[in-house]
Amino acid sequence: MRVIFIGPPGAGKGTQAQRLWKHLAVPHISTGDLLREAVRKRTPEGLQAERHMNQGSLVPDSVIIEMVNQRLDDGGCDSGCLFDGFPRTVDQAQALDALLAERRQPLDVVIELAVDEDTLVGRLIGRGRDDDEPAVIRQRFRTYHQLTEPVLDYYRRRGILETVDGAGTPDEVFARIQEAVERIQNKARCSNS
Ligand code: AP5
Ligand code: MG
């Protein structure tokens, strides 16, 4: 199965992808984690990305698309993968379509994790990552509304968007995600039979 997790900062994309990864046994591809690793290693991409990440803006599409292309080439994704934090712009979504079409790997479902902003701020302040500082959190939300919300429409129009309530405990949210995934799997079985 190929799944995209999309949602505002702190929605639980990483937390839930970790759980679903274990459940489906397919790789978890988090562009945020890949970028943080590149920053730690001081690679040219990392040095370019760091400034954007510290400001709560997006790293240029070209850098991200090449990073994902490389990750897909590294292998392990033939039977599926979980994308976390990617795509984040309509251009990235179109580029992902092309990357998957080249590999004949269809996308199954896009899971939007919906959580109210006060809850999100509480979660992020409690975590304390480098970009979890109040001014940067506010900018990350602005970036999400402006550039990433249009990606929801892109997938809604295609009929593969599932919106899941991301409030409650991680176990409660995961149970809702499993239901959504099962729904999609049953739908695929019905259309194949
Ligand atoms: P990224 O790393 O993707 O960060 P983000 O989207 O801001 O999201 P977070 O990782 O903060 O939140 P999450 O939804 O994963 O929630 P989590 O599970 O951690 O991106 C960082 C930066 O990299 C971007 O700002 C951008 O600059 C750059 N970037 C990345 N991808 C890019 C792309 N495709 N294009 C361009 N630039 C890109 O949970 C958050 C906290 O809440 C944790 O402490 C967790 O334990 C807790 N929590 C989770 N679920 C629950 C729950 N149900 N109840 C209580 N607490 C919970
Ligand atoms: Mg994350």
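Preceding block: the structure.
Residues numbered from 1 in each chain as written. Chains lettered and ligands numbered in written order. Predicted model: local features only at pLDDT ≥ 70, side-chain atom pairs only at ≥ 80, totals over all residues. Heavy atoms only, no water.

All right, on to the overall build of the chain then. Looking only at helices and strands, the chain has eight helices and five strands in total. Its C-alpha atoms give the chain a radius of gyration of 16 Å, within 12% of the compact-globule value 16 Å for 193 residues. Seen through its C-alpha atoms, the chain measures out along the principal axes to roughly 50 × 35 × 30 Å. Taking all 193 residues of the chain together, the buried fraction comes to 46%. By sequence separation, contacts in the chain at least 24 residues apart represent 74% of the contacts at least 6 residues apart. Summing over all exposed atoms, the chain offers an accessible surface of approximately 9,800 Å²; the carbon and sulfur share of this is 49%. Positive and negative side-chain charges in the chain, numbering 26 and 30 respectively, have mean positions lying 1 Å apart. (Helix = DSSP H or I, 4+ residues; strand = E, 2+ residues; numbered from the N terminus. Rg over C-alpha atoms; globule rule 2.2 N^0.38 Å. Buried < 20%, exposed > 50% of the residue type's maximum accessible area, 1.4 Å probe, protein only. Contact = heavy atoms within 4.5 Å. Areas by Shrake-Rupley, 256 points an atom, 1.4 Å probe, with all protein chains shown as cover. Lys, Arg positive; Asp, Glu negative; His and termini not counted. Charge placed at Lys NZ, Arg CZ, Asp CG, Glu CD.)

With the rule as written, the count across this model stands at two aromatic pairs. Considering the side-chain rings of Phe83 and Phe86, the 5.9 Å spacing of their centres and the 55° angle between planes classify their relative orientation as tilted. Relative to Tyr155, the ring of Tyr154 has its centre 5.2 Å away and its plane inclined at 85°; by these criteria the two rings are edge-to-face. Pair check on accessibility: Tyr154 and Tyr155 agree, each one buried. (Phe/Tyr/Trp six-rings, centres within 6.5 Å; stacked < 30°, edge-to-face > 60°.)

If you check the shell around ligand 1, you find 30 residues, and the closest are Thr15, Ser57, Arg88, Arg127 and Arg140. A distance of 2.8 Å separates a nitrogen atom of ligand 1 from a polar atom in the side chain of Thr31. Within the contact set of ligand 1, an oxygen atom lies 3.0 Å away from a side-chain nitrogen or oxygen of Arg129. Considered on its own, ligand 1 offers 1,000 Å² of accessible surface; in the complex 86% of this is hidden by protein. At the level of elements, helix 1 (13–24), helix 2 (31–40) and helix 6 (117–127) are the ones that each hand at least two residues to the shell around ligand 1. The residue inventory of the shell around ligand 1, partitioned by class, reads eleven nonpolar, eleven polar and eight charged. (Near = heavy atom within 4 Å. Polar contact = N/O pair within 3.5 Å; in protein donor to acceptor, adjacent residues only side chain to side chain. Nonpolar A, V, L, I, M, F, W, Y, C, P; charged D, E, K, R; others polar.)

Another aspect to go through is the sheet that holds strand 4 (residues 109–114). Pairing between the strands of a sheet comes from backbone hydrogen bonds, and it takes one of two forms, parallel or antiparallel. Pairing is parallel across the open sheet formed by five strands, whose spatial order is 2-3-1-4-5. This sheet does not close on itself; its edge strands, each paired only once, are strand 2 (28–30) and strand 5 (161–165). Averaged over all neighbouring strand pairs, the angle between strand axes comes to 20°, with direction disregarded. Note: strand 1 (residues 2–6) against strand 3 (residues 81–84), four bridges, orientation parallel. Bridge pairing in strand 3 links Arg2 to Cys81. Where helix 7 (residues 134–158) meets the sheet, its contacts fall on strand 1, strand 4 and strand 5, and the angle it forms with strand 1 comes to roughly 145°. (Pairing = 2+ DSSP bridges. Axes fitted to C-alpha atoms, helices over the stretch in contact; angles between N-to-C directions.)

Residues Ile4, Leu72, Phe83 and Tyr155 are the most contacted members of the largest nonpolar core, which totals 30 residues. Every residue in contact with Leu72, bar those within four places of it in the chain, is listed here: Ile29, Cys77, Phe83, Leu99, Leu100 and Arg103. Of all hydrophobic cores here, the second largest spans 24 residues; its members include Met1, Ala11, Leu124 and Ile177. (Core = buried A, V, L, I, M, F, W, Y, C linked by side-chain atoms within 4.5 Å.)

Next up on the list: unusual backbone geometry. Here the bond from Phe86 into Pro87 is cis, since omega is -5°, no more than 30 degrees from zero. Within the secondary structure layout, Pro87 lies in the loop between strand 3 and helix 5 (90–102). Backbone geometry places Ala25, a non-glycine residue, at a positive phi of 60°. Topologically, Ala25 is positioned in the loop between helix 1 and strand 2. Within the chain, Arg104 stands out as a residue other than glycine whose phi angle is a positive 50°. Residue position: Arg104 is located in the loop between helix 5 and strand 4.

Take the packing of helix 6 against helix 7 next. Geometrically, a packed helix pair is captured by the angle between its two axes and the distance between the axes. Where helix 6 contacts helix 7, the axes come no closer than 11 Å and their chain directions differ by 135°. One way to sum up the angle between helix 6 and helix 7 is to call them oblique. Crossing angle aside, the handedness with which helix 6 passes helix 7 is right-handed. Residues Glu117, Leu120, Val121, Leu124, Ile125 and Arg127 of helix 6 pack against Pro134, Ile137, Arg140, Phe141 and His145 of helix 7. Classifying every residue of the contact of helix 6 with helix 7 by side-chain character gives seven nonpolar, one polar and three charged. (Parallel < 35°, antiparallel > 145°, perpendicular 65-115°, else oblique. Left-handed = near helix turned anticlockwise from the far one by under 90°.)

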